[in-house]
Amino acid sequence: MSRKKTILLFIIAFNFLFTSCLQVGKEVVDWMDAKNTDEAFGTYHYLDGNNSEVYLPEEFKKYSISKYQKILDSLIPKNQLNFELDRLNNLNDMKGEFYIFFDKSTNSTCTLNTMPYIPITKREAQQFLGLMRINSEKATRGTDINFNKITAKYTGTPDNCIFKSVYKTESEKVNFYTSTFFITSNNKTLFIQLSTPFEAYFDPFIKKIRM
């Protein structure tokens, strides 16, 4: 793995740790039940960063960082808010464009980065998982937080692949899931993180992305 790619994947793995932990809203929405079918009903959003279109549940609306911060102010403790804002600012500082989508009905967040084209091999994906594990152990040392891998899967080839991982973070006060997708296709790369208070099956929406 090149030094440039190692640094980039390390930044991504580090930012994975501080995804906000929100309680699920009271409403039940259709996209939460996507695991029962491969159908996905949503809306396309154009990403001018690399002329792609991402497909998200209709409940997700686009937010600026400042507008999203106001949402977080009312939902999470200040110490966690600072971690989350640091994470968002780091993602925003990466090369390419950064987007935030939020679903008020479930308190779920989806962030997207259009990145410089980076083919990733299965071996490199495994190294990325290792970085996430190491950073999670450092971040949760001395706490009662458990950080557990639910699944990790690599499909395709380095030039045209989807690398997916799902982790659960839980303690007496924390319970949320982070789904991470690293996608390469047509000389484009997308990095997507989905944070939900429930285990979401997001694959049908990922498959509808246009790159």
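Residues numbered from 1 in each chain as written. Predicted model: local features only at pLDDT ≥ 70, side-chain atom pairs only at ≥ 80, totals over all residues. Heavy atoms only, no water.

Undergrad: Would you mind going over unusual backbone geometry in detail, with residue names and values included?
TA: Look at Asn-107: it is not a glycine, yet its phi comes out positive at around 55 degrees. Its location among the elements puts Asn-107 in the loop between β4 (98–103) and β5 (108–115). (Helix = DSSP H or I, 4+ residues; strand = E, 2+ residues; numbered from the N terminus.)

Undergrad: Describe the pairing of strand β9 (residues 188–196), and please don't skip the residues or the numbers.
TA: Residues in a regular strand project their side chains so that they alternate between the two faces of the sheet. For β9, the buried fraction is high: nine of the nine residues fall into the buried class. Here β9 shows a buried face lined by Lys-188, Leu-190, Ile-192, Leu-194 and Thr-196 and a second buried face lined by Thr-189, Phe-191, Gln-193 and Ser-195. Inspection of the sheet shows β5 paired to β9 by seven bridges, in the antiparallel sense. Each bridged residue has a counterpart across the sheet, and for Met-115 the counterpart in β9 is Thr-189. Where strand β8 (residues 175–185) hands over to β9, the hairpin turn is made up of two residues, of which Asn-186 adopts a positive phi near 50 degrees. (Buried < 20%, exposed > 50% of the residue type's maximum accessible area, 1.4 Å probe, protein only. Pairing = 2+ DSSP bridges.)

Undergrad: Please give an account of the pattern of salt bridges that cites residues and values.
TA: The final tally for this structure, using the stated rule, is three salt bridges. A salt bridge links Asp-203 to Lys-164, with the shortest nitrogen-to-oxygen separation between them at 2.9 Å. Here the residue Asp-203 occupies a position in helix α5 (residues 203–206), and Lys-164 occupies one in strand β7 (residues 160–170), the gap between them amounting to 39 residues. For Lys-164, a relative accessible area of 16% corresponds to the buried category. (Salt bridge = Lys/Arg side-chain N within 4 Å of Asp/Glu carboxyl O.)

Undergrad: Quick rundown of the nonpolar core? Include the residues and the values.
TA: Core analysis: the largest hydrophobic core is formed by 27 residues, its most contacted members being Tyr-68, Leu-88, Phe-163 and Phe-182. Residue assignment for this core shows that the elements contributing at least two residues are α2 (65–73), α3 (78–93), β4, α4 (122–140), β6 (146–157) and β7. Those residues in contact with Phe-163 that lie beyond four places of it in its chain are Ala-125, Phe-128, Leu-129, Lys-153, Tyr-154, Thr-180, Phe-181 and Phe-182. (Core = buried A, V, L, I, M, F, W, Y, C linked by side-chain atoms within 4.5 Å. Contact = heavy atoms within 4.5 Å.)

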